[in-house]
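Structural description and commentary
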Amino acid sequence: MAHSFLLKLTSSGVSPHIYRALVDGTRETFLTLDEATASIQLTDSQGNSTGIMRMNLSDGNVRVTSSESTPELQSEADDFSLMAAHLTAQWKRLGHAPTEVRKFFA
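Residues numbered from 1 in each chain as written. Predicted model: local features only at pLDDT ≥ 70, side-chain atom pairs only at ≥ 80, totals over all residues. Heavy atoms only, no water.

**Topic: the nonpolar core**
Leu 7, Leu 31, Leu 33, Ile 40, Phe 80, Met 83 and Leu 87 are the most contacted members of the largest nonpolar core, which has 22 residues in total. At the level of elements, strand S1 (4-9), strand S2 (17-23), strand S3 (27-34), strand S4 (39-43), strand S5 (49-56) and helix H1 (71-94) are the ones that each hand at least two residues to this core. Ranked by residue count, the leading element in this core is H1, at eight residues. (Core = buried A, V, L, I, M, F, W, Y, C linked by side-chain atoms within 4.5 Å. Buried < 20%, exposed > 50% of the residue type's maximum accessible area, 1.4 Å probe, protein only. Helix = DSSP H or I, 4+ residues; strand = E, 2+ residues; numbered from the N terminus.)

Below you can see the structure in the form of structure tokens.
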């Protein structure tokens, strides 16, 4: 599981909002917050869904759609869930997409 992450908004304007995620200062990935579909998805840098992971904003359920079950995929799913949960909390608290979400864990 991630010990730290930084989400930075890379898109501007209306939804969907694309975030560049830097996990533990070494791994880069992208998340997209889509207000129209009320979801956060794992995407590429252009906001195109990978179709692997998705979180529903209303109930917080995470869906992983992969036939593989590797330790790497489980670690990535854990990191995605953690980042998506914190992004959702900030979005709900602010009422709009935050420009940055930064978390450090001991």
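**Side note on the sheet that holds S3**
What the seven strands build is an open sheet, ordered S6-S5-S4-S3-S2-S1-S7; its pairing is antiparallel. The open sheet has two edge strands, strand S6 (62-64) and strand S7 (100-104), and neither has a second partner. Adjacent strand axes in the sheet meet at a mean angle of 25° when their direction is disregarded. Here S5 runs beside S6; their pairing, made up of three bridges, is antiparallel. When the sheet's bridge partners are listed, Arg 54 is paired in S6 with Arg 63. Here H1 sits on the sheet and contacts S1, S2, S3, S4, S5, S6 and S7; the angle it forms with S5, its principal contact strand, is near 50°. (Pairing = 2+ DSSP bridges. Axes fitted to C-alpha atoms, helices over the stretch in contact; angles between N-to-C directions. Contact = heavy atoms within 4.5 Å.)

**Quick notes on the pattern of salt bridges**
As enumerated under the stated definition, the model contains four salt bridges in all. Across the pair Glu 100 and Lys 8 runs a salt bridge whose closest N-O atoms are separated by 3.0 Å. Of this pair, Glu 100 sits in strand S7 while Lys 8 is found in strand S1, placing the two residues 92 residues apart along the sequence. According to the relative accessible area criterion, Glu 100 is partly exposed, its value standing at 30%. Lys 8 gets classed as partly exposed once you look at its relative accessible area, which sits at 37%. (Salt bridge = Lys/Arg side-chain N within 4 Å of Asp/Glu carboxyl O.)

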